[in-house]
Amino acid sequence: MSARQGRQSGGSSLVGAVSVSDVQELMRRKDEIEAQIQANYEVLDSQKGIGMNEPLVDSEGYPRSDVDLYQVRTARHNIICLQNDHKEVMKQVEEALHQLHAHDKEKQARDMAEAEEEAMSHKPGHSMSHRPSQAFAKVNSISPGSPASTAGLQVDDEITEFGSVNVQNFHSLSNISTVVQHSEGKGLNVVVMRRGEKHQLRLVPTRWSGKGLLGCNIIPLQR
């Protein structure tokens, strides 16, 4: 690639979303420009170790006859152009890395938000958007400070799941009583419908200052 080609490719600005492959391409271009700069410096070195600033005329003002002036001038011109290209591509690399980092942070934040949303959907008391199941019982009273109150149950909650009990295997309140008696001190998954929304609660049947292990009254719904 010539210095002019390098200048054209290095001068383009980044458009749209940046990917890892875009950064890799910029790094490849940077390495290519650096190799061309080095090659042109080697041309200068071959001309009696001449550099970028040594005069090309002798003490009397005549063009030096001991070096190839055309090669020197061409190499110096190429180096200047390529150094400008290098500055431009390094600016693009910095910009691309910044965009990529910002995109990664945005994706990380989005993934974290989705993970939190997923976790919240399983958190007791959180509203769930799944299709409602059929309720088979209803809470008609709750004692303050009771396990039921602590779990977040509310009066008029309609129960669709109480541990292993659901509308398909519920026959009477004794089904719930059996589950409660066998789950003392253990968390029960309770799903209720509340004002048209499904809520998942964690209820731990526990002995407390009041009666029973729940501290609430549940009545069956007419089916």
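Residues numbered from 1 in each chain as written. Predicted model: local features only at pLDDT ≥ 70, side-chain atom pairs only at ≥ 80, totals over all residues. Heavy atoms only, no water.

Selection criterion: UniProt positions are given in the numbering used here, feature names are shortened, and annotations may be inferred rather than shown by experiment.
As recorded in an unreviewed UniProt entry, the protein chain goes by the name 26S proteasome non-ATPase regulatory subunit 9, listed as coming from Otolemur garnettii. If you open the UniProt record of the protein chain and go to Subunit (unreviewed entry), you find "Interacts with PSMC3. Part of a transient complex (modulator) containing PSMD9, PSMC6 and PSMC3 formed during the assembly of the 26S proteasome." The record in UniProt for the protein chain states the following under Sequence similarities (unreviewed entry): "Belongs to the proteasome subunit p27 family."

## A short note on the overall build of the protein chain
What counts is decided by this rule: By definition, any uninterrupted DSSP run of H or I lasting at least four residues is a helix, any uninterrupted run of E lasting at least two residues is a strand, and each is numbered from the N terminus. Exposure categories follow from relative accessible area, calculated using a 1.4 Å probe and restricted to protein chains: below 20% of the type maximum is buried, above 50% is exposed, and the middle band is partly exposed. Throughout, a contact is declared for two residues whenever any of their heavy atoms are within 4.5 Å. Computed with a 1.4 Å probe, the accessible areas rest on the Shrake-Rupley method; for each residue, only the protein chains presented here act as cover.
Within the protein chain, the secondary structure is distributed over five helices and seven strands. What you see in the protein chain, going N to C, is helices and strands ordered as α-α-α-β-β-α-β-β-α-β-β-β. The proportion of buried residues among the 223 residues of the protein chain is 32%. Counting contacts in the protein chain only where the partners sit at least 6 residues apart, residues at least 24 apart contribute 66% of the total. For the protein chain, the exposed area adds up to about 14,000 Å²; of that, 50% sits on carbon and sulfur atoms.

## A short note on the pattern of salt bridges
We count it as follows: By definition here, a salt bridge exists when the distance from a side-chain nitrogen of Lys or Arg to a carboxyl oxygen of Asp or Glu is within 4 Å.
Applying the stated rule across the entire model yields ten salt bridges. Here R194 makes a salt bridge to D157, at a shortest N to O gap of 2.8 Å. In this pair, R194 sits in strand 5 (residues 188-194) while D157 sits in the loop between helix 4 (147-151) and strand 3 (158-162), placing the two residues 37 residues apart along the sequence. Look at the salt bridges and you will find they share partners, linking E25, R28 and E32 into a network.

## Regarding helix 2 (residues 20-46)
Note that an α-helix has 3.6 residues per turn; residues three or four places apart therefore point the same way. Filter applied, for reference: In this analysis, the expected span of each helix is defined as 1.5 Å times one less than the number of residues it contains.
In this model, helix 2 (27 residues) spans 39 Å end to end at C-alpha, consistent with the 39 Å of a helix rising 1.5 Å per residue. Directly beyond the C-terminal end of helix 2, a positive phi value near 55° is found at K48.

## Quick notes on the pairing of strand 2 (residues 137-142)
Operational definition: Paired strands, as defined in this entry, are two strands with at least two bridges between them according to DSSP.
In the sheet, strand 2 pairs with strand 3 via two bridges, with the strands oriented antiparallel. Residue pairing across strands places A137 opposite I159, the latter belonging to strand 3.

## Considerations on the environment of V179
Take V179: it is sitting in helix 5 (residues 173-181). The spacing of V179 and S164 is 15 residues in sequence and 7.6 Å in space, taken between C-alpha atoms. Apart from the residues within four sequence positions on either side, V179 is in contact with F162, S164, V165 and L188.

## Observations concerning the confidence of the model for the protein chain
Under the convention used in this document: A score between 0 and 100, pLDDT records how confident the predictor is in each residue.
On average, residues of the protein chain carry a pLDDT of 82, and 78% of them reach 70 or more. Within the model, the stretch residues 1-12 combines pLDDT values under 50 with 24 contacts to residues more than four positions away or in other chains. A low-confidence stretch, residues 125-132 stays under pLDDT 50, and its non-local contacts, those more than four residues away or across chains, total 18 contacts.

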